[in-house]
Amino acid sequence: MTDGRLGIALVGLGYWGPNLARNFAAIEGCDLAWCCDASEEARARFAGQYPRTRFTDNLDEVLADPALDAVAIATPVPTHAELAVRVLEAGKHCFVEKPLAQSVADAQLAVDAAQSTGRTLMVGHLLEYHPGVQKLKELSDSGELGDEIYYIYGNRLNLGKLRADENALWSLGAHDVSVLLYLAGEEPHEVIARGESYVRDGVEDVVFCFLRFPSGLSAHLHLSWLDPHKERRFTIVGSKRMATFDDMALEGKLTIYDKGVEETSRGYGEYITRSGDIFSPRIPNREPLRVECEHFVECVREGKRPRSDGESGLRVVHVLEELQHSLDGSLRVR
C-alpha cells in the first residue's frame, strides 16, 4: 500500500469485470491501478472512464508492479484457478470470481497457494453478501424460524443465457450452492442430480439437485435457463416459521410466514396447520457487489479472513463436482 492506499488490478473486462472495476474504483482509499484484458477494443472502451488507470494485455507486467497490493480476476471460469495461483505466488492478494475452479484438484492448488504465500484469497460468491441473504442467515441461526430447519429449496430459472462451455449446474448452481452451504453451516453427505440437454447435446439446460445434510436438513435446487419464468428465490422451512428470499421482488425481498404444523391440545398424534401473520423486515438497500468489494478491501487491510475465503470456495466446488458426478451417472440413453 502506498500512502495508506490500496492498489488493485482487474483482470478481465468482459461481462462482469466492468462492474468490479466500477466498485473498486469508488471505494475510499482504493486505487484501480491496472486493468488487464487481451482485447484491445475492451481496453480502449474503458480507458476513458479511468484516466488514472494503466491498461495492458500483459498480466506479467501487472504482477511485476511492486506498488500493487491485490488483483481481482473476472476471466472465463476455466482460467480462474491458474490465474489465482499466479497472482498469489507473485505476492498479491487475490479476489477471484466464482466458481474458484472447475475441479476440486484445481481449487485446492489455489487454496494451497494462498496458505503458502500468506496472502488473502477471496471468492466472489456474491449472494452471501446480499443483505437479504444475510438476514435470512440471521433468522435461521437465531432460532426465529424454529428449533429445527427442516428443508431449504431454491429456484434459479430464466430463458437464456444458453452457454456452450458450461451447463446449468456450473453456470447457475455456483450461486445457489454457495448460499445453501452458507445457510446450512455444514456440508452435505449425500447429493443427487438429474438433468436434461434439450438445446445442445451434452450441455444440460435444466438440472434438479437434491442434497442431504448430517443434521437432518435436506435441500432441493431447480436450475434452468430454459424456463418461461425468471426466478431467483430461496425458501427456508423451519419447525416454527418459514421465510422466502426473492431477489426479483422490487420491494419486500424477504418475507417471513408465521406458519407451521402443531400438535392439537388433545394429543394422540393429531396435528393441525397454523397460519399467522406474514411480514417483511426492512433490508438495507445496498448493492451486494459494493458490500462484497468493500469486504475484500477490509480483509486485505486488516488481515481478516473473508467470509467467502478459499476454503469456502473449495467447498462449493467440491459439492458441484459431486453433483456433476451424479449427473454424469444418470445421463439419458438416446
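Keep in mind the model is a prediction, meaning the values are calculated, not measured.

Each value, and the rule that gives it
- Residues numbered from 1 in each chain as written.
- Predicted model: local features only at pLDDT ≥ 70, side-chain atom pairs only at ≥ 80, totals over all residues.
- Heavy atoms only, no water.
- Pairing = 2+ DSSP bridges.
- Helix = DSSP H or I, 4+ residues; strand = E, 2+ residues; numbered from the N terminus.
- Axes fitted to C-alpha atoms, helices over the stretch in contact; angles between N-to-C directions.
- Contact = heavy atoms within 4.5 Å.
- Disulfide = S-S within 2.5 Å.
- Buried < 20%, exposed > 50% of the residue type's maximum accessible area, 1.4 Å probe, protein only.
- Parallel < 35°, antiparallel > 145°, perpendicular 65-115°, else oblique.
- Left-handed = near helix turned anticlockwise from the far one by under 90°.
- Nonpolar A, V, L, I, M, F, W, Y, C, P; charged D, E, K, R; others polar.
- Right-handed = clockwise from strand over helix to strand, strands pointing away.

A.B. asks: Requested: an account of the sheet that holds strand β6 (residues 121-124), with residues and values cited.
C.D. replies: Ordered in space as β3-β2-β1-β4-β5-β6, the six strands form an open sheet in which the pairing is parallel. The two strands at the open ends of the sheet, each matched to only one other strand, are β3 (54-56) and β6. Here the strands of the sheet are splayed against their neighbours by 20° on average, with no regard to which way each runs. In this structure, strand β2 (residues 30-36) lies alongside β3, joined through three bridges in parallel fashion. The residue of β3 that forms the bridge with Cys36 is Thr56. Along the sheet, helix α8 (residues 288-302) contacts β1 (6-11), β2, β4 (70-73), β5 (93-97) and β6; its crossing angle with β5, the most-contacted strand, is approximately 160°.

A.B. asks: Please set out the state of the cysteines residue by residue, giving values where relevant.
C.D. replies: Overall, the coordinates contain zero disulfides when judged by the stated rule. With no disulfide of its own, Cys30 has Cys293 as its nearest cysteine by sulfur position, at a separation of 8.5 Å. Note on Cys30: relative accessible area 2%, which makes it buried.

A.B. asks: Describe in detail the packing of helix α1 (residues 17-26) against α8, supporting the description with residues and values.
C.D. replies: Interaxial distance between α1 and α8 falls to 9 Å at its minimum, and their mutual angle equals 60°. Between α1 and α8, the angle is such that the two are oblique. Taken as a pair, α1 and α8 cross one another with a handedness that is right-handed. Across the interface between the two elements, Asn19, Leu20, Asn23, Phe24 and Ala26 of α1 pack against Leu289, Arg290, Cys293, Phe296 and Val297 of α8. For the contact of α1 with α8, the per-class residue count stands at seven nonpolar, two polar and one charged.

A.B. asks: Run through unusual backbone geometry, naming residues and quoting values.
C.D. replies: Residues Lys98 and Pro99 are joined by a peptide bond in cis, for which omega reads -20°. Along the chain, the position of Pro99 falls in the loop between β5 and α5 (104-117). In this chain, Gly160 is followed by Lys161 through a cis amide linkage whose omega measures -5°. With respect to the helices and strands, Lys161 occurs in the loop between β7 (149-159) and α7 (168-184).

A.B. asks: Help me get a handle on the pairing of β6, residues and values and all.
C.D. replies: Residues of β6 alternate between two faces, with Leu121 and Val123 on one and Met122 and Gly124 on the opposite face, all of them buried. Here four bridges tie β5 to β6, and the two strands are oriented parallel to one another. Bridge assignment links Val96 to a residue of β6, and that residue is Val123. Chirality of the crossover, the property in question, places the unit of β5, α5 and β6 among those that are right-handed.

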